[in-house]
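# Structural features, examined
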Amino acid sequence: MPPRITIIAAVARNGIIGRDNDLIWRLRSDLRRFKALTMGKPLLMGRKTFASIGRPLPGRHTIVLTRDPAFAVSGVAVAHDWSGALAAAEGAEELMVAGGGEIYALALPQAERLHLTEVDLAPEGDTVFPPFDRALYRETHREAHPSGEHDACAFSFVDLARRD
């Protein structure tokens, strides 16, 4: 049985998720949530997202989806298409999809859950979260956070589950 597909992303009001292969904002609370939600699970990302992180994240089985046939990194499973990515997560209950934009677009049609951090900014950027029909999902949790010492701007944690 294939794993449940769950997307985890931080998205600005205008849909931007990054610029120059990097995050635009600094939200320590979001990084903590990301770690808590992904720990112990397979984590799928594209090659550019992996390059921005620079290493496999501890406690997670990292899967990199890339068209580059020569891509190889010790401790990382490599997939060259969506079915290969799912095969690399075989046996897991849940596959966490962590970007970037093209990978999110591949995962959205099958995503059962979304863990979004809605960032209260509208920055310029070059990577966007793909548009999706929010009516296909129901909101199961929302938690607002103001900006603070370790969080550069206000944001909300929002969990969505696909409607039956």
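Residues numbered from 1 in each chain as written. Predicted model: local features only at pLDDT ≥ 70, side-chain atom pairs only at ≥ 80, totals over all residues. Heavy atoms only, no water.

## Focus on the sheet that holds strand S4 (residues 61-65)
- Strand order in the open sheet formed by eight strands is S5-S4-S3-S6-S1-S7-S10-S9, and the pairing between neighbours is mixed. The sheet is open, and its two borders are formed by strand S5 (77-79) and strand S9 (137-145), each paired with just one other strand. Strand after strand, the sheet turns through a mean of 20° between neighbouring axes, direction not considered.
- Taken together, the three bridges between S4 and S5 define a ladder with parallel strand orientation. From the neighbouring strand, Leu65 faces S5, where its bridge partner is Ala79.
- Packed on one face of the sheet, helix H1 (residues 28-38) meets strand S1 (4-12), strand S3 (42-46), strand S6 (94-97), strand S7 (111-119) and strand S10 (155-162) and runs near 30° to S10. (Pairing = 2+ DSSP bridges. Helix = DSSP H or I, 4+ residues; strand = E, 2+ residues; numbered from the N terminus. Axes fitted to C-alpha atoms, helices over the stretch in contact; angles between N-to-C directions. Contact = heavy atoms within 4.5 Å.)

## Quick notes on the pattern of salt bridges
- One pass over the full model with this rule turns up 10 salt bridges.
- Across the pair Arg26 and Asp22 runs a salt bridge, and its minimum N-O distance is 3.8 Å.
- Relative accessible area serves as the criterion here: at 40%, Asp22 is assigned to the partly exposed category.
- Asp159 serves as the salt-bridge partner of Arg33, at 2.3 Å between the closest nitrogen and oxygen. On the criterion of sequence distance, the pair formed by Arg33 in helix H1 and Asp159 in strand S10 is long-range, its members being 126 residues apart.
- Given a relative accessible area of 12%, Arg33 falls into the buried group.
- Of the residues examined, Asp159 reaches a relative accessible area of 13% and is grouped as buried. (Salt bridge = Lys/Arg side-chain N within 4 Å of Asp/Glu carboxyl O. Buried < 20%, exposed > 50% of the residue type's maximum accessible area, 1.4 Å probe, protein only.)

## Brief notes about the UniProt feature "domain: DHFR" (unreviewed entry) in the protein
- UniProt records the feature "domain: DHFR" (unreviewed entry) for residues 4-162 in the present numbering.
- Between the end C-alpha atoms of residues 4-162 the distance is 11 Å, and the span holds 20% helix and 36% strand. (UniProt positions renumbered as here; feature names shortened; annotations may be inferred.)

## Observations regarding the packing of aromatic side chains
- This model, assessed by the stated rule, comprises five aromatic pairs.
- Each ring, one from Tyr104 and one from Phe129, has its centre 4.9 Å from the other, and the planes form 50°; the classification is tilted. Placement of Tyr104 in helix H4 (residues 101-107) and of Phe129 in the loop between strand S8 (127-128) and S9 is noted, with a sequence separation of 25 residues between them. The residues Tyr104 and Phe129 share a single accessibility class, namely buried.
- The buried category is assigned to Phe129, whose relative accessible area is 8%. (Phe/Tyr/Trp six-rings, centres within 6.5 Å; stacked < 30°, edge-to-face > 60°.)

## Brief notes about H1
- The complete set of buried residues in H1 reads Ser29, Asp30, Arg33 and Thr38. One side of H1 holds all its buried residues, which, seen down the axis, span an arc of 150°. Those residues of H1 that are exposed and aimed more than 90 degrees away from the buried face are Leu31, Arg32 and Ala36.
- Check the buried side of H1 and you find it contacts S1, S3, S6, S7 and S10.
- Positive backbone phi, approximately 80°, marks Gly40, located one or two places after H1. (Arc of directions from axis to C-beta.)

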